[in-house]
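Each chain is listed here by its residues.
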Amino acid sequence: MAKQKIIIAIDGYSACGKSTLAKALAKKLNYHFIDSGAMYRAITLYFLREGVSLGDEQAIGQALDHVKLSFENNQRTGDSEILLNGENVARAIRDMLVAEKVSEVAAIKAVRQAAVAQQQLMGKRRGIVMDGRDIGTVVFPDAELKIFMTADPAIRVKRRFEEQYEKDPAITIEEIKANLELRDYIDSNREESPLRKAKDAIVLDNSSLTRAEQLDKVLAWVKELQQPATA
Ligand code: DC
């Protein structure tokens, strides 16, 4: 009998390795991976390009009407990449300019409503792994498996620095540290669906786990969930 497809929600602070785990899980389980942060980043990129003022509710509403987000699979890498109005912006959304503004944009109620509605629609097909900040609490409160990821702050800074340095060798550790601290603060303290651990989420601290170890751990949880209940 085919295994029941579930929804896996992964939340946590910036640069904890959520997307890395989500991607690997989706590949292994043959599920869809949805990076909800990429959606907030693409909206931010659109706002930056169009010069939308973050204090202007009307302009934000109008801009959101013109933002169409979708995902496509990169034929070479197999990665799911985000399209903004048909343009692949997978690289552009990783720019520091976007990282600097995204938490502010993601705190806007109208932005969240638009993103969450689309995420919930994507969840209808099940068999998905979605990572973000409010996936287990707001987007899929009934997800079968909820994971809250944490990692030592110094390790998170180091990981994000190494990733960003490849694209921009002028970047400094201090800039990365300041950006992560600010984003953690805004994401955890905003009024609209702040980052919280869902009551029924399992905490996964990957400070001292390899990618393979954390994947094995979570696959074991999935297996346990899919085990038929014994009378
Ligand atoms: O996961 P990420 O770093 O790419 O996310 C970028 C920003 O988007 C993050 O600072 C907070 C916001 N975000 C959010 O508010 N809710 C989500 N579900 C995902 C991301």
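Up top is the structure.
Remember, it's a predicted structure, so these values are computed and weren't measured experimentally.

### Description of the side chain of Arg190
Point 1. Mapped onto the elements, Arg190 comes out in the loop between α8 (173-189) and β8 (202-205).
Point 2. Residues in contact with Arg190, not counting those within four places in the same chain, are Ala106, Ala107, Arg112, Arg133 and Leu195.

### Some words on the pairing of strand β6 (residues 128-132)
Point 1. With five of five residues buried, β6 is to be regarded as a mostly interior element.
Point 2. What you see with β6 is no split at all: Ile128, Met130 and Gly132 on one side and Val129 and Asp131 on the other are buried throughout.
Point 3. By the bridge criterion, five bridges tie strand β1 (residues 7-12) to β6 in an arrangement that is parallel. Its bridge partner being in β6, Ile10 is matched across the sheet by Asp131.

### What about the pattern of salt bridges?
Point 1. In the structure shown here, the tally under the stated rule is 13 salt bridges.
Point 2. Between Lys23 and Asp79 there is a salt bridge, with the nearest N and O atoms lying 3.9 Å from each other. Placement of Lys23 in helix α1 (residues 18-29) and of Asp79 in the loop between β3 (69-73) and β4 (80-84) is noted, with a sequence separation of 56 residues between them.
Point 3. Exposure remark for Lys23: the relative accessible area of 36% places this residue in the partly exposed category.
Point 4. Lys101 is the partner of Glu104 in a salt bridge, and the nearest nitrogen-oxygen pair spans 3.4 Å. With Glu104 and Lys101 both in helix α4 (residues 96-106), this residue pair falls three residues apart, about one helical turn.

### Some remarks on the environment of Gly136
Point 1. Mapped onto the elements of the fold, Gly136 is located in helix α6 (residues 135-139).
Point 2. Setting aside its immediate chain neighbours within four residues, Gly136 contacts Ala9, Asp11, Pro141, Lys146 and Ala198.

### Overview of α4
Point 1. Among the residues making up α4, those that are buried are Met96, Val98, Ala99, Val102, Ser103, Val105 and Ala106.
Point 2. Residues of α4 that are buried sit in contact with α2 (36-50), α5 (109-123), α7 (153-167) and α8.
Point 3. Its side-chain oxygen at 3.0 Å from the backbone nitrogen of Leu97, Asp95 defines the N-terminal cap of α4.

### Topic: the sheet that holds β6
Point 1. Taken together, the five strands give an open sheet; going across it, the order is β2-β6-β1-β7-β8, and neighbouring strands pair in parallel fashion. On the outer flanks of this sheet lie β2 (32-35) and β8, each paired with one strand and no other. For this sheet the average axis-to-axis angle between neighbouring strands, irrespective of direction, equals 20°.
Point 2. Of the pairings in the sheet, the one linking β2 to β6 comprises four bridges and is parallel in character. Residue Phe33 lies in a different strand from β6, and its bridge partner there is Val129.
Point 3. Strand contacts of α1: β1, β2, β6, β7 (145-150) and β8, with the helix running at about 165° to β1, the strand carrying the most contacts.

Rules and cut-offs
Residues numbered from 1 in each chain as written. Predicted model: local features only at pLDDT ≥ 70, side-chain atom pairs only at ≥ 80, totals over all residues. Heavy atoms only, no water. Helix = DSSP H or I, 4+ residues; strand = E, 2+ residues; numbered from the N terminus. Contact = heavy atoms within 4.5 Å. Buried < 20%, exposed > 50% of the residue type's maximum accessible area, 1.4 Å probe, protein only. Pairing = 2+ DSSP bridges. Salt bridge = Lys/Arg side-chain N within 4 Å of Asp/Glu carboxyl O. Polar contact = N/O pair within 3.5 Å; in protein donor to acceptor, adjacent residues only side chain to side chain. Axes fitted to C-alpha atoms, helices over the stretch in contact; angles between N-to-C directions.

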